[in-house]
Amino acid sequence: MIIKNISTEVKYIPLKTPFITALRRVNTIEFIRVHIVCDQGEVGIGEAPATMAITGEDISIILESIQKVKDTLIGLEIKKALEVLHEQSIGSSAKAALDMALMSILGFFKLEDTSFIQTDITISLNCVETMLSDARQACENGMSILKVKLGSDIKHAIEVTQKLSLGCPKAQLLIDANQAWSLDESLIYVNAIENINIELIEQPVIAEDLSSLKLVREATNIPILADEATFTLQDVKKVLQTKSADMINIKLMKCGGVSKAVEILEYARKNSIKCMLGSMLEGPYSINAALYLAFNYRDVIEYVDLDSPLLYKEASDELDFIFSGSKISAKDT
Ligand SMILES: [Mg+2]
């Protein structure tokens, strides 16, 4: 199969309510959809959302990157194109969109085990009362794993954690600070919530500061999850070898796509490292790609953070999966 054409379009999906973290506020998901067409008519679709705050790529940067490598990839056989793609110096989201389109042409998206998996749901950063009512509402809607977005106000962070653990006693709480805290604030936080049952704390400190991340890890029994600190397999190895975190959050947009995520997942499997499989706010095709991984690597993926479709204002018929509360099942089963 030889690549004949690569085209892009810009797509938008409005959200039910704004998505708010320590890094950004989003009302509409804005993403690129890329179509790769081969000589015998095979088509692969990939997507990449604009997440300037995380990958440094907005829509125009992703479009420029795809434009830049397009002519290099056209005329190549699919496996060769994958190899060449990952040698290019373009952003990780643009690579991810092209990579997932190529992997879909290669027939990668098949399920080994079709039994359902569970996703968390994001509780956006807001005033304490709103976060509590959002969390209660989520639990009433059948969600049992809450990804709680906290910000730089550490008093607020502690209060939210305390109130949510009392208000939603059956829910598993995953705390995500999105790099908002200093080392001192992180230590104040872990001491203050010592007696609260939370599952993990994600990226408390700035991505580059692995030594502080390690100190937070040493100060608590709660597992520490590295997110913004781990883009590539090299980052993952560094974080784990320096014992800076217990777990890692893998996202297609950070690592450069499905083939790269597979390398990280294989490494995690070999080294018995538990992972979260997360995403940015993404469109249906890139969520499909992530979900095939979540289903097929369920032995290493302890937490699935793929709630974007639950946040869409209108349900998408382009998903290969059905979301029902926190449960995700494959459409064909
Ligand atoms: Mg995160």
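Everything numeric here is computed off the predicted structure, so don't read it as measured data.

## Points about the overall build of the chain
A tally of regular secondary structure across the chain gives 13 helices and 14 strands. Relative to the 2.2 N^0.38 estimate, which gives 20 Å for 333 residues, the radius of gyration of the chain is 19 Å and therefore close to what a compact globule would have. Across its three principal axes, the chain shows a C-alpha extent of roughly 60 × 40 × 35 Å. Each of the 333 residues in the chain was classed as buried or not, and the buried ones make up 48%. Across the chain, the fraction of contacts at a sequence separation of at least 24, relative to all contacts at a separation of at least 6, is 72%.

## Quick word on the pairing of strand 14 (residues 327-330)
Each regular strand displays side chains that alternate between the two surfaces of the sheet. Of the strand pairs in this sheet, strand 4 (residues 117-118) and strand 14 are connected by two bridges, and their pairing is antiparallel. From the neighbouring strand, Gln118 faces strand 14, where its bridge partner is Lys327. Sheet analysis places strand 13 (residues 321-324) next to strand 14, joined by four bridges and oriented antiparallel. Residue Phe321 lies in a different strand from strand 14, and its bridge partner there is Ala330.

## So, the domain arrangement of the chain
Domain boundaries in the chain define domain 1 (3-105) and domain 2 (117-330). One C-alpha centre belongs to domain 1, the other to domain 2; they are set 23 Å apart. Between domain 1 and domain 2, the contact holds 32 residues from the first and 32 residues from the second. Among the secondary structure elements, those contributing two or more residues to the side of domain 1 that touches domain 2 are strand 1 (3-20), strand 2 (25-38), strand 3 (43-49), helix 1 (52-55) and helix 4 (92-105).

## A few points about the packing of helix 5 (residues 128-140) against helix 6 (residues 154-167)
Running from N to C, helix 5 and helix 6 point in directions that differ by 30°, and their axes come no closer than 10 Å. In terms of axis orientation, helix 5 runs roughly parallel to helix 6. Seen from above, helix 5 lies across helix 6 with right-handed handedness. In this structure, helix 5 contributes Val128, Met131, Leu132, Ala135 and Arg136 to the contact, and helix 6 contributes His156, Glu159, Val160, Lys163, Leu164 and Gly167. Across the contact of helix 5 with helix 6, the residue classes tally to six nonpolar, two polar and three charged.

## Quick word on helix 2 (residues 59-73)
The end-to-end C-alpha distance of helix 2, which contains 15 residues, comes to 21 Å, matching closely the 21 Å that a straight helix rising 1.5 Å per residue would cover. Along helix 2, the positions that sit buried rather than exposed are Ile62, Ser65, Ile66, Val69 and Leu73. Tucked inside the fold, the buried residues of helix 2 contact strand 1, strand 2, strand 3, helix 3 (78-85) and helix 4. The first or second residue beyond helix 2 is Gly75, which carries a positive phi of 95°.

## Considering the sheet that holds strand 3
Taken together, the three strands give an open sheet; going across it, the order is 1-2-3, and neighbouring strands pair in antiparallel fashion. The open sheet has two edge strands with one neighbour each: strand 1 and strand 3. Taken pair by pair, the neighbouring strands of this sheet meet at an average axis angle of 20°, ignoring direction. Sheet topology places strand 2 next to strand 3; seven bridges connect them, and they run antiparallel. The partner of Ile36 across the bridge, within strand 3, is Gly44. Of the strands in this sheet, strand 2 and strand 3 are in contact with helix 12 (residues 284-296), which crosses strand 3 at around 100°.

## Re the pairing of strand 6 (residues 145-149)
A large share of strand 6 lies buried, amounting to four of its five residues. For strand 5 (residues 121-123) and strand 6, the ladder comprises three bridges, and the chain directions are parallel. Note on strand 6: the bridge partner recorded for Thr122 is Lys147. With five bridges connecting them, strand 6 and strand 7 (residues 172-176) associate as parallel partners. Note that in strand 7 the partner of Val148 across the bridge is Ile175. You can see the chain leave strand 6, run along helix 6 and come back into strand 7, and the turn it takes is right-handed.

Rules used in this analysis
Residues numbered from 1 in each chain as written. Predicted model: local features only at pLDDT ≥ 70, side-chain atom pairs only at ≥ 80, totals over all residues. Helix = DSSP H or I, 4+ residues; strand = E, 2+ residues; numbered from the N terminus. Rg over C-alpha atoms; globule rule 2.2 N^0.38 Å. Buried ≥ 20, exposed ≤ 12 C-beta atoms within 10 Å, placed from the backbone. Contact = placed C-beta atoms within 7 Å. Pairing = 2+ DSSP bridges. Domains from an automatic or database assignment. Axes fitted to C-alpha atoms, helices over the stretch in contact; angles between N-to-C directions. Parallel < 35°, antiparallel > 145°, perpendicular 65-115°, else oblique. Left-handed = near helix turned anticlockwise from the far one by under 90°. Nonpolar A, V, L, I, M, F, W, Y, C, P; charged D, E, K, R; others polar. Expected span 1.5 Å × (residues − 1). Right-handed = clockwise from strand over helix to strand, strands pointing away.

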